[in-house]
Amino acid sequence: MTSMTYRDAMRAAIHAALESDPRVFLMGEDVGRYGGTYAVSKGLLEEFGPQRVRDTPLSELGFVGAGIGAALGGMRPIVEVMTVNFSLLALDQIVNTAALYHHMSGGQFSVPLVIRMATGAGRQLAAQHSHSFENWYAHIPGIKVLAPATVQDARDMLAPALADPDPVIIFEHVQLYNTEGEVSAEAHGDICTAAVRRSGSAVSLITYGGSLPKVLAAADRLARDGIEAEVIDLRVLRPLDTATIVASVRKCRRAVIIDEGWRTGSLAAEIMARIVEEAFYDLDAPLARVCSAEVPIPYARHLEAAALPQPEGIVAAARAVLGR
Amino acid sequence: MIAPPPSGPVPYPADFALALLRDMVRIRRFEEKCAQAYGEGKIRGFLHLYIGEEAVAVGALHALQPQDNIVATYREHGHALVRGVSMNSIMAEMYGKREGCSRGRGGSMHLFDAGARLFGGNAIVGGGLPVAVGLALADQMQNAARVTACFFGEGAMAEGAFHESINLAALWRLPVLFCCENNLYAMGTALARSESQTDLCAKAAAYNVPTLKVDGQDVVAVHEATRQAARAVREGGGPCFIEYQTYRFRAHSMFDAELYRDKQEVEEWKTRGPLHTFSARLKTEGKLTEDAFLALDREANAEVERAAAFAEAGSWEPVEDLTRDVYTLAEPESRI
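The rules we used
Residues numbered from 1 in each chain as written. Chains lettered and ligands numbered in written order. Predicted model: local features only at pLDDT ≥ 70, side-chain atom pairs only at ≥ 80, totals over all residues. Helix = DSSP H or I, 4+ residues; strand = E, 2+ residues; numbered from the N terminus. Rg over C-alpha atoms; globule rule 2.2 N^0.38 Å. Contact = placed C-beta atoms within 7 Å. Buried ≥ 20, exposed ≤ 12 C-beta atoms within 10 Å, placed from the backbone. Axes fitted to C-alpha atoms, helices over the stretch in contact; angles between N-to-C directions. Parallel < 35°, antiparallel > 145°, perpendicular 65-115°, else oblique. Left-handed = near helix turned anticlockwise from the far one by under 90°. Nonpolar A, V, L, I, M, F, W, Y, C, P; charged D, E, K, R; others polar. Expected span 1.5 Å × (residues − 1). Domains from an automatic or database assignment. Pairing = 2+ DSSP bridges.

**Student:** Quick one: what's the story with the overall build of chain B, residue by residue and with numbers?
**Tutor:** In terms of helices and strands, chain B carries 12 helices and eight strands. Taking 336 residues into account, the globule formula puts the C-alpha radius of gyration at 20 Å, and chain B, at 20 Å, falls close to it. Dimensions of chain B along its principal axes, counting C-alpha atoms only, are 60 × 50 × 40 Å. Counting only contacts in chain B whose residues sit at least 6 apart along the sequence, the fraction spanning at least 24 positions is 75%.

**Student:** Would you mind going over unusual backbone geometry in detail, with residue names and values included?
**Tutor:** All names here are of chain A. Cis geometry marks the peptide bond from arginine 238 to proline 239, where omega comes out at -5°. Within the secondary structure, proline 239 sits in the loop between strand E12 (236-238) and helix H11 (242-252). Even without being glycine, aspartate 30 reaches a positive phi, approximately 60°. By secondary structure assignment, the location of aspartate 30 is in the loop between strand E2 (24-28) and helix H2 (44-48). Of the residues examined, aspartate 30 has 16 C-beta atoms within 10 Å and is grouped as partly exposed.

**Student:** Which residues make up the packing of helix H1 (residues 14-39) of chain B against helix H2 (residues 54-61) of chain B, and what values go with them?
**Tutor:** All names here are of chain B. Relative to each other, H1 and H2 sit at 135°, their axes nearing to 9 Å. When the interaxial angle is binned, H1 and H2 end up oblique. Relative to H2, H1 is oriented so that their crossing is right-handed. Contacts from Leu20, Asp23, Met24, Ile27 and Arg28 in H1 reach Glu54, Ala55, Val58 and Gly59 in H2. Of the residues assigned to the contact of H1 with H2, the class counts are five nonpolar, one polar and three charged.

**Student:** Let's hear about H1(B): which residues, and what values?
**Tutor:** Along its 26 residues, H1(B) runs 37 Å from first to last C-alpha, staying within 8% of the 38 Å computed at 1.5 Å per residue. A positive backbone phi angle near 80° is found at Gly41(B), which sits one or two residues after H1(B).

**Student:** Run through the domain arrangement of chain A, naming residues and quoting values.
**Tutor:** Residues and elements named next belong to chain A. Partitioning chain A into domains gives domain 1 (2-183) and domain 2 (195-322). Centre-to-centre, using C-alpha coordinates, domain 1 lies 26 Å away from domain 2. Opposite the 25 residues of domain 1 that make contact, domain 2 presents 22 residues. Contributions of two or more residues to the side of domain 1 that touches domain 2 are made by helix H7 (134-138), strand E6 (144-146) and strand E7 (168-173). A per-class count over the side of domain 1 that touches domain 2 returns 12 nonpolar, 10 polar and three charged.

**Student:** I'd like a rundown of helix H3 (residues 60-72) of chain A, residues and numbers included.
**Tutor:** Residue and element names in this part refer to chain A. Relative to the 18 Å expected for 13 residues at 1.5 Å per residue, H3 spans 18 Å between its end C-alpha atoms, a close match to the ideal helical length. With 13 of its 13 residues buried, H3 lies for the most part within the structure. Immediately downstream of H3, the backbone of glycine 74 shows phi near 105°, a positive value.

**Student:** An account of the packing of helix H10 (residues 212-224) of chain A against helix H14 (residues 311-322) of chain A is requested, with residue identities and associated values reported.
**Tutor:** All names here are of chain A. As a packed pair, H10 and H14 sit with axes 8 Å apart at the nearest point and diverge in direction by 55°. The orientation of H10 with respect to H14, classified from their angle, is oblique. Considering the relative orientation of H10 and H14, their crossing is right-handed. For the pair H10 and H14, the contacting residues are Lys214, Val215, Ala217, Ala218, Arg221 and Leu222 in the first and Pro311, Ile314, Val315 and Ala318 in the second. When the residues that make up the contact of H10 with H14 are grouped by side-chain class, the tally is eight nonpolar, no polar and two charged.

**Student:** Give a detailed account of the sheet that holds strand E4 (residues 176-182) of chain B, specifying residues and quantitative values.
**Tutor:** Residue and element names in this part refer to chain B. With respect to topology, six strands assemble into an open sheet ordered E2-E1-E3-E4-E8-E7, the strand pairing being parallel. Two strands bound the open sheet, and with one partner strand each, they are strand E2 (118-122) and strand E7 (211-215). For this sheet the average axis-to-axis angle between neighbouring strands, irrespective of direction, equals 15°. Here strand E1 (residues 69-73) runs beside strand E3 (residues 148-153); their pairing, made up of three bridges, is parallel. Note on E3: the bridge partner recorded for valine 71 is cysteine 150.

So, in structure tokens, the structure goes:
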């Protein structure tokens, strides 16, 4: 086991991909000379050169679409969109082209493209730089959506994403980049299952991405009070691993979903619906969720904190469904 | 600037000149049949006819090579036909049949053919442009001697996608041939009503891209200009932009009452129809007889009838296969 940061794990994954497959290249705004907005690609330009670590103009629609074309043309592009906020400028290419090409062409063309983007709030970057739109992308058939929440997953999910013949979007929560974690020598990188991050039997806490550390902190507090929560990390937001979710809920009979997205139309809502469809009679209490408050994420530190899911709120929600 | 094509007699041997004419007639007859089938309810959805613009696809695509990539718009029946996609599979696609070139998933606006390197059929205006840039990037990175020809209408030049794409292509000197089919109307909006700069070549030139304006009703002019531009692109000179000045004789789609343009204007453009002007020219030059034209027309009609019969006889994809081809590798249903 080695200890490293989420950022370094992601860089190691990109480095390994560039080293092992000449079809792989990295493209995006400031990925080269600047070293990546979040310093993920620092040093890669120097090592792999400007053909394979490409700085792009500020034209998200253009370079994401170019990634699609390059994938169709035999390459394995990793396109970095600086943040999910700017991915809205590329939404047409992602939704109308990348996701549809295989189906519209009757199965003739595949788009083996990986799009990475930072997501989420918590750094006082205010409303236009704090979005969580994972659920928008997870809504769309034809793409796969990953949310590595651990350092191990940051290192290990890129390779299977690149090996996948279809477009894969990887969400990297901005609050995770500095987190440290243990990484095993061998890869544990499937991109189809959820993971049980903590075993328990009192209540299922189901979450993904940047909320995982908060949920684990909440589970620790609950444990101090004798409540053993099970923590499910979705890892893959499309296709959802419903079986793992349902198995946990059947065991715990109570569940809280924690999702940094806004509550209305959220991934949390989708997960609750699946639990109700498949495990309604196994439930001992109504389901609950902890989502972001339905406001644009404010700048001021105390307001931002109040808008986002926090361990205290997760603990309170878990206690409420347990009635204690 | 690239030099304009030479004037004078048709600079081709008779068999190649007839091949150009034959493809224009094939497109015309095919689309007339499509319009009829639409009226009979056999083709549904949107149907955008290329009638009047045939010289562009025919002249341009005959100037390209089989290994080149083609990215087209939703008005792409002609491009698919000239590119060698079988008329049977295109008509079957129109009918929504499993034997269609996109297995009935695409319809008129989404004709695809991997073998012909036809990357669609894109129904988002400007949507094909970034994809074409990426295809060309892949070729540049893999040292492939390939040109990517991207067709789009003048309406797409108001989209950000055009500007982002041509900038990237020029910045990285990518082998993209930007083929602007300027038919003067973005659906019902005339060029001058939507663009502050109506000189389309000036827009492209702003990105340091060589440009060429050509009479899109003249298949020879189209062919010569495209050949010249494609050669420059293939030799590594970076992208080129060609504006083909053309005109659509029919409505935008089957739902268009054409309230936005004068009938007189349409009639004037029809006097410059690409089929009759080219066949008249060939006759004048002694390269075509009336009998030969009639024979060629009969062949085209026969091919169209065979395609319609093929489409009629085609099968429907079983509904059990509704969700195939969403992902390349089948997903276990429980996980979606």
